[in-house]
2 protein chains.
Amino acid sequence: MPVNLHAPSQGDLRAVRGVRLGIAEANIRKAQRKDLLVMQLAPGSRVAGVFTQNQFCAAPVVVCKEHLAAKNEIRALVVNTGNANAGTGEEGMRRARETCRKVAELLDCDAKQILPFSTGVIMEPLPIERIVAGLPTCVDNLEEDNWLNAAQAIMTTDIVAKGVSRTARIGGKEITITGIAKGSGMIHPNMATMLGYIATDAAVSQQALSAMICHAVNRSFNCITVDGDTSTNDALILIATGQADNAEIADEKSADYAALRDAVTEVAMLLAQAIVRDGEGATKFMTLDIQGGRDEAECRKIGYAIAHSPLIKTAFFASDPNLGRILAAIGYAGVDSLDVNRIKLYLGDVLVAENGGRAPSYQESDGQRVMKEAEITVRVELGRGAAQATVWTCDLSYDYVKINADYRT
Amino acid sequence: MPVNLHAPSQGDLRAVRGVRLGIAEANIRKAQRKDLLVMQLAPGSRVAGVFTQNQFCAAPVVVCKEHLAAKNEIRALVVNTGNANAGTGEEGMRRARETCRKVAELLDCDAKQILPFSTGVIMEPLPIERIVAGLPTCVDNLEEDNWLNAAQAIMTTDIVAKGVSRTARIGGKEITITGIAKGSGMIHPNMATMLGYIATDAAVSQQALSAMICHAVNRSFNCITVDGDTSTNDALILIATGQADNAEIADEKSADYAALRDAVTEVAMLLAQAIVRDGEGATKFMTLDIQGGRDEAECRKIGYAIAHSPLIKTAFFASDPNLGRILAAIGYAGVDSLDVNRIKLYLGDVLVAENGGRAPSYQESDGQRVMKEAEITVRVELGRGAAQATVWTCDLSYDYVKINADYRT
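Residues numbered from 1 in each chain as written. Chains lettered and ligands numbered in written order. Predicted model: local features only at pLDDT ≥ 70, side-chain atom pairs only at ≥ 80, totals over all residues. Heavy atoms only, no water.

1. Let's talk about the overall build of chain A
Phase 1: The secondary structure content of chain A amounts to eleven helices and 16 strands.
Phase 2: Across its three principal directions, the C-alpha atoms of chain A cover 70 × 55 × 40 Å.
Phase 3: Going through the 409 residues of chain A one by one, you find that 64% of them count as buried.
Phase 4: A sequence separation of at least 24 residues applies to 81% of the contacts in chain A between residues at least 6 apart. (Helix = DSSP H or I, 4+ residues; strand = E, 2+ residues; numbered from the N terminus. Buried < 20%, exposed > 50% of the residue type's maximum accessible area, 1.4 Å probe, protein only. Contact = heavy atoms within 4.5 Å.)

As structure tokens, then:
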């Protein structure tokens, strides 16, 4: 079960002026489930995106990058679940472009103004005919107040839908920010994609929007890991429709920029954490807070070394404070010339290790008290600088393997 | 259960002239089990070692490196199981040195001529008094034909003891090579150390011996992973006692060198593979053969990306050919400018993927046939060079987590 995570209700997700969403049950992989989404954007909307670094990236990712790079005015996004259109070669590219063409026809714009996204099974042909057949339904029910349906329509094996809204007062106007995401609930071991869509009705320059998404992703989607697998399809999209009539935010040093940036970043962070809370088999939500590094990169290295250790993850599942394993992970993280005698390790509020060994004050019972909690913070103080990084992850449970092992049996 | 691995019997492990082994039940962590080993080396023996890169390395590793760097004539090794003496700070260093002093007293040599090793629980004080109390027993039963007891005495949570012997005819003399190892059977999540000791009676120069261990380790212990955790205590030691009366092997281009190097490497490889076969919860032994890379390093990166993916490892446990996951791992391995269209992926003898997608000839039934086997080879052809690397690993099973989760319950 997801860790302290509940699906949003209709009222939780506020409409964003200039964004209309329509969904369909297109039978892409399963019958009678929402699996196709069209998100139509008002003219003048600006769009920025960040995508997976995986070199085996999926066909729709390639097409998205093309259409964004060409600085086309993006008028719609189309998302299908059930099939990732990844590892599908040239034919996959053709079908991704075909999807864009069909959406453009229905919305009377150019195929280059459409961004396609797919999530689901890898290495199977995209059922383009089902998608094409489902698109008119999506267009027929385009509505602004349709975010919850959209959040449901992009789920693969997520247990709960993920969405959050925030408002901010900017330039005398009330601004809405609403985001939805789906995670890598890898109940089928070949399904794994992180998709995030955040939209605001604020008016923002393209350059400021691009700066804003980088700021947000580095503090959200780039800080999480479930099992270290980088999907072929990961994408985060930030949309600004400009319908709020605020003076366009272009100065990245302005208070308006900072206010919107922080609200967008909070939405992104909550969505990213929701993905971890809904990680496959997750029973614990862990915050790894690495402090006192020379730079952020080395703090991240250590955070990810801890987060990716199956041994540490299973120990957390077992509520077993085998904390020497964390010291070992710090040691093999690949950070040069660490002075282990300066490192302090805290589990929650408990000092576990210092001076290269167990803290004299540490007692097993204190460690176990913290390990029993569903939300656990591990703090590492490196004592060699002022840099900091946070990584969020979940434990590795019996169910993670059980679910995978039982997949076909 | 270990994958196609059986404990050696007494006859399998040949004595090596110039190496005497003695063991004791010192109650270091558990009663009535062999947990202390002394390995005495004849005068003139040469010793080379490679050690963990973990910066949180254990006290005995620090002492070993000191004693080897000082070019002392090493006269004995002492190994305890049950406690790793890692994450133990200054006191740990003191106890490692004290262990050396006591062995030196008993063998009438200098403490600097002793190499200490520890494996077991991290971050707990080394029970030095038990070790000191057990050492005389070890010395009392020093024998050349005692390798099987030694292999058993260094086990932690290994299910079976690991040892292998080979002979070679070199310079007209019969040479014996015998090795023992213990693995990271991480049934207790804070136990994990790979130790390997390989001895030959051949006469080899120090420089040639150092070259030989590097060659051997890069084709054995550096090619395996169970769960990606690099222990604080890992060590491989190569001993040449020179008792075989062969002309000293010093020329690294000589046929004698090549013959001994290859025999030593085979022993190291079999020991390393035994560690994987006995990996915690292992049900499958996987050989990852990465070919056609620009250099060995990028082949290794891809091999380890596949070997460390919990998703791939669980899919192998489930005998579930979710092979898109392997493409994804290749894509995120961190190898620049991969042309995914040139990559070929084989599962056993079955071509799975080519031209950026699933091979037209691939059939699920073929993939499943291979996946059901206990020994599986995954071959990746990168098509961009002539370099190659092999990684051996095991699957991630239900038991891996179950064992860890049940540790304290």
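Next, the rest of the story.
2. Topic: the layout of surface pockets
Residue and element names in this part refer to chain A.
Phase 1: Its boundaries defined by the atoms lining it, the second largest pocket holds a volume of some 320 Å³.
Phase 2: Looking at the second largest pocket, it is lined by 16 residues, and the ones nearest its centre are Val47, Ala48, Leu68, Lys71 and Gln206.
Phase 3: Counting only elements with at least two residues in the lining of the second largest pocket, the list comes to β3 (46-51), α1 (59-69) and α5 (206-218).
Phase 4: Split into classes, the residues belonging to the lining of the second largest pocket amount to seven nonpolar, six polar and three charged. (1 Å grid on protein atoms, 1.4 Å probe; cavity = no way out; pocket = protein on both sides within 12 Å on 5 of 7 lines; lining within 4 Å. Points joined across faces, edges and corners; volume = space filled by probe spheres on them. Nonpolar A, V, L, I, M, F, W, Y, C, P; charged D, E, K, R; others polar.)

3. Examining the environment of A:Gly49
Residues and elements named next belong to chain A.
Phase 1: Relative to the helices and strands, glycine 49 resides in strand β3.
Phase 2: Owing to a relative accessible area of 27%, glycine 49 belongs among the partly exposed residues under this scheme.
Phase 3: In sequence terms glycine 49 and cysteine 214 are 165 residues apart; their C-alpha atoms lie 8.9 Å from each other.
Phase 4: If near-sequence neighbours (up to four positions away) are discounted, glycine 49 is found in contact with Leu68, Ile213, Leu236 and Ile237.

4. Describing the nonpolar core
Phase 1: The biggest cluster of nonpolar side chains holds 79 residues, and the ones touching the most others in it are A:Ile306, A:Ile330, B:Leu77, B:Phe117 and B:Tyr197.
Phase 2: Of all the elements, helix α7 (residues 296-308) of chain A adds the most residues to this core, at six residues.
Phase 3: Ranked by size, the runner-up nonpolar core spans 78 residues in total, among them A:Met123, B:Tyr346, B:Ala353 and B:Leu382. (Core = buried A, V, L, I, M, F, W, Y, C linked by side-chain atoms within 4.5 Å.)

5. So, the relation of the copies chain A and chain B
Phase 1: Here chain A sits on chain B after a turn of 180° about the axis and a move of 0.0 Å along it, with an RMSD of 0.0 Å. Classification of the inter-copy transformation places it as that of a two-fold axis. In terms of proximity to the rotation axis, the leading residue of chain A is A:Tyr398, whose C-alpha is 3.2 Å off the axis.
Phase 2: A shared interface surface links the copies, since 100% of the contact residues of chain A are contact residues in chain B too. (Least-squares fit on C-alpha atoms with pLDDT ≥ 70 in both.)

6. A closer look at the domain arrangement of chain A
Phase 1: We note that the domain assignment places domain 1 (10-277) and domain 2 (285-405) within chain A.
Phase 2: Put simply, the middle of domain 1 of chain A and the middle of domain 2 of chain A, counted by C-alpha atoms, are 33 Å apart. (Domains from an automatic or database assignment.)

7. Details of the sheet that holds strand β8 (residues 195-200) of chain B
Residues and elements named next belong to chain B.
Phase 1: Strand order across the open sheet formed by five strands is β3-β10-β8-β7-β6, with mixed pairing between neighbours. Of all strands in the sheet, those with a lone pairing partner are β3 (46-51) and β6 (162-170), marking the two edges. The mean angle between the axes of side-by-side strands here comes to 15°, regardless of whether they run parallel or antiparallel.
Phase 2: Looking at chain direction, strand β7 (residues 173-182) and β8 are connected through six bridges and run antiparallel. Note that in β8 the partner of threonine 178 across the bridge is alanine 199.
Phase 3: The sheet strands contacting helix α5 (residues 206-218) are β3 and β10 (235-240), and the helix crosses β3 at an angle near 35°. (Pairing = 2+ DSSP bridges. Axes fitted to C-alpha atoms, helices over the stretch in contact; angles between N-to-C directions.)

8. Structural notes on the side chain of B:Asn233
All names here are of chain B.
Phase 1: Structurally, the position occupied by asparagine 233 is in the loop between β9 (224-225) and β10.
Phase 2: The buried category is assigned to asparagine 233, whose relative accessible area is 2%.
Phase 3: Only 2.7 Å separates the side chain of asparagine 233 from the backbone oxygen of alanine 84, close enough to count as a polar contact.
Phase 4: Aside from chain neighbours lying at most four places away, what touches asparagine 233 is Thr52, Ala58, Pro60, Val61, Ala84, Ala86, Ser118, Thr193, Met194 and Leu195. (Polar contact = N/O pair within 3.5 Å; in protein donor to acceptor, adjacent residues only side chain to side chain.)

9. Brief notes about the interface of chain A and chain B
Phase 1: Contacts between chain A and chain B engage 62 residues on the former and 62 residues on the latter.
Phase 2: When chain A packs against chain B, close to 5,000 Å² is buried across both sides, 61% of that on carbon and sulfur atoms.
Phase 3: The largest contributions to the chain A side of the interface with chain B come from A:Gln55, A:Phe56 and A:Met123, which together make up 16% of the buried area.
Phase 4: Run the count over chain A and chain B and you get zero salt bridges.
Phase 5: Our count for the contact surface shared by chain A and chain B stands at 17 residue pairs in polar contact (both at pLDDT 80 or more).
Phase 6: Residue assignment for the side of chain A that touches chain B shows that the elements contributing at least two residues are α8 (310-317), α9 (324-332), β13 (350-354), β14 (357-358), α10 (364-371) and α11 (398-405) of chain A.
Phase 7: Residue contributions to the side of chain A that touches chain B peak at seven residues, all from α9(A).
Phase 8: Class assignment of the residues belonging to the side of chain A that touches chain B gives a composition of 30 nonpolar, 22 polar and ten charged. (Buried area = accessible area lost by both parts, 1.4 Å probe. Salt bridge = Lys/Arg side-chain N within 4 Å of Asp/Glu carboxyl O.)

10. Details of the side chain of B:Thr200
Phase 1: Tracing the chain through its elements places B:Thr200 in strand β8.
Phase 2: Setting aside residues no more than four positions away along its own chain, B:Thr200 makes contact with B:Val16, B:Ile175, B:Thr176, B:Ile177, B:Ile239, B:Ala240, B:Thr241 and B:Leu260.

11. A closer look at the packing of aromatic side chains
Both the distance between ring centres and the angle between the ring planes are used here to describe each pair of aromatic rings.
Phase 1: By the definition in use, this model includes three aromatic pairs over all chains.
Phase 2: Consider the rings of A:Phe117 and A:Tyr197, whose centres lie 5.1 Å apart with planes at 90°: the pair is edge-to-face. Taken together, the residues A:Phe117 in strand β5 (residues 114-121) and A:Tyr197 in strand β8 (residues 195-200) connect sequence positions 80 residues apart. This pair shows no difference in class: A:Phe117 is buried, exactly as A:Tyr197 is.
Phase 3: The lysine or arginine in question, A:Arg379, covers the ring of A:Tyr346, its NZ or CZ lying 4.1 Å from the ring centre.
Phase 4: Across from the ring centre of B:Phe285, 3.9 Å away, lies the NZ or CZ of B:Arg277, which sits over that ring. (Phe/Tyr/Trp six-rings, centres within 6.5 Å; stacked < 30°, edge-to-face > 60°. Lys NZ or Arg CZ within 6 Å of the ring centre and 35° of its normal.)

12. Quick notes on unusual backbone geometry
Phase 1: In the Ramachandran plot, A:Asn4 falls in the positive-phi region, its phi being about 50° despite a non-glycine side chain.
Phase 2: Here A:Asn4 shows up in the segment before β1 (19-24).

13. Brief notes about the sheet that holds β9(B)
All names here are of chain B.
Phase 1: One open sheet holds the seven strands; their spatial order is β9-β16-β11-β15-β12-β13-β14, and the pairing between them is mixed. Each having just a single partner strand, β9 and β14 (357-358) make up the two edges of the open sheet.
Phase 2: As defined by bridge partners, strand β12 (residues 344-347) adjoins strand β13 (residues 350-354) across three bridges and the pair is classed as antiparallel. By the bridge assignment for β13, leucine 345 is matched with alanine 353.

14. Regarding the environment of A:Gly293
All names here are of chain A.
Phase 1: Its place among the elements puts glycine 293 in strand β11 (residues 285-293).
Phase 2: Judged by relative accessible area, which is 0%, glycine 293 ranks as buried.
Phase 3: Distance from glycine 293 to isoleucine 224, taken between C-alpha atoms, is 19 Å for residues 69 residues apart in sequence.
Phase 4: With residues up to four places along the chain from it excluded, the contact list for glycine 293 reads Glu298, Cys299, Leu382, Arg384, Gly385, Ala386 and Ala387.

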